[in-house]
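Overview (structure and organization)
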Amino acid sequence: MPMHRGESLFQQSMKKLEQETTILQRIDHSNIVKLLDHFVEDHRGYVVLDFVEGTPLKQLVETQGRQAEALVIDLAIQVCGILEYLHGLEPQIVHRDLTPDNLILQASGSLKLVDFNVAQQLESAATATVVGKHAYIPPEQFRGRPSAQSDIYAFGGTLHFLLTGREPEPLSSSHPRALEPAVSQALDEIIARATALDCGKRYADASSLKADLLVLRQKTC
């Protein structure tokens, strides 16, 4: 904490710490990291979280290469459940950084979403600053107006990365099949819709996206 750099900076840091912990305190979901405690000691702010043992999806792809479509669909359905929960809270919580770095695959096959440093409650998101990794940020987030659909865009970019091993092109609709012909046309269309630049053409919510993924999984079983 910037104790010796002026009261204003100290208060800004305290506000950031309180914002993150306030959000985490509201969350109770098996696929989201849990807050245990937070405190300030010796001029440092601490957030104590559950230890999550596993492999970030970014590291998984970097070490093992692109992932099989069946696994990606299963992981995607899990993430939809996470987004349904976050976006269903009152007020909604928008993660704003839903990338392969922040999804950890555990040995059980379950995912854990971590890193809520940039998350915001939707009621205050109209004045949000631009945060996140550029390849996963939709246009409205660049304009400082993230919404629940912004998480869906980032999620679509994450699926593109898992299937191709390559980061999505910034500010574009992703078509993993163009890079990996083995990706099914149906999944390619789902990801393209999830990453549509126009919110009116993007999935309105995680439930709609999940429904299409469940149909696709049933067809491929």
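Our subject in this report is the structure included herewith. (Residues numbered from 1 in each chain as written. Predicted model: local features only at pLDDT ≥ 70, side-chain atom pairs only at ≥ 80, totals over all residues. Heavy atoms only, no water.)

**Comments concerning the sheet that holds strand β5 (residues 103–105)**
Overall, antiparallel pairing links the three strands, which are arranged β3-β5-β6 in an open sheet. Of all the strands in the sheet, the pair left with one neighbour each is β3 (55–56) and β6 (111–113). Inspection of the sheet shows β3 paired to β5 by two bridges, in the antiparallel sense. Considered in β5, the bridge of P56 is made with I104. Together, β5 and β6 form the strand contacts of helix α3 (residues 69–88), whose direction differs from that of β6 by roughly 35°. (Pairing = 2+ DSSP bridges. Helix = DSSP H or I, 4+ residues; strand = E, 2+ residues; numbered from the N terminus. Contact = heavy atoms within 4.5 Å. Axes fitted to C-alpha atoms, helices over the stretch in contact; angles between N-to-C directions.)

**As for unusual backbone geometry**
Residues other than glycine predominantly adopt negative phi, and peptide bonds predominantly adopt the trans conformation. Of the consecutive residues E90 and P91, the connecting peptide bond is found in the cis state with omega at -5°. Tracing the chain through its elements places P91 in the loop between α3 and β4 (93–94). Positive phi values are uncommon outside glycine, yet R96 reaches one of about 70°. The topology assignment puts R96 in the loop between β4 and β5. Despite not being glycine, D115 has its phi angle at roughly 65°, a positive value. Within the secondary structure layout, D115 lies in the loop between β6 and β7 (120–121).

**A word on the packing of α3 against helix α7 (residues 206–220)**
Two elements in contact, α3 and α7, have axes separated by 9 Å at closest approach and are oriented at 155°. As judged from the angle between their axes, α3 and α7 are roughly antiparallel. The element α3 and its partner α7 pack so that their crossing is left-handed. Residues E69, I73, D74, A76, I77, C80, L83 and E84 of α3 form the contact with α7, whose participating residues are A206, S207, L209, K210, L213, L214, L216 and R217. Here the contact of α3 with α7 is built from residues that sort into ten nonpolar, one polar and five charged. (Parallel < 35°, antiparallel > 145°, perpendicular 65-115°, else oblique. Left-handed = near helix turned anticlockwise from the far one by under 90°. Nonpolar A, V, L, I, M, F, W, Y, C, P; charged D, E, K, R; others polar.)

**Focus on the pattern of salt bridges**
Tallied over the full model, the rule gives nine salt bridges. Between K34 and D28 there is a salt bridge, with the nearest N and O atoms lying 2.8 Å from each other. In this structure D28 comes out as exposed when scored by relative accessible area, which is 56%. The partner of E167 in a salt bridge is K58, with the nearest N and O atoms 3.4 Å apart. Of this pair, E167 sits in the loop between α5 (148–164) and α6 (185–194) while K58 sits in helix α2 (residues 57–64); the two residues are 109 residues apart in sequence, bridging distant segments of the chain. Using a relative accessible area of 36% as the deciding quantity, one classes E167 as partly exposed. Where salt bridges share partners, they join K58, E62 and E167 into one cluster. (Salt bridge = Lys/Arg side-chain N within 4 Å of Asp/Glu carboxyl O. Buried < 20%, exposed > 50% of the residue type's maximum accessible area, 1.4 Å probe, protein only.)

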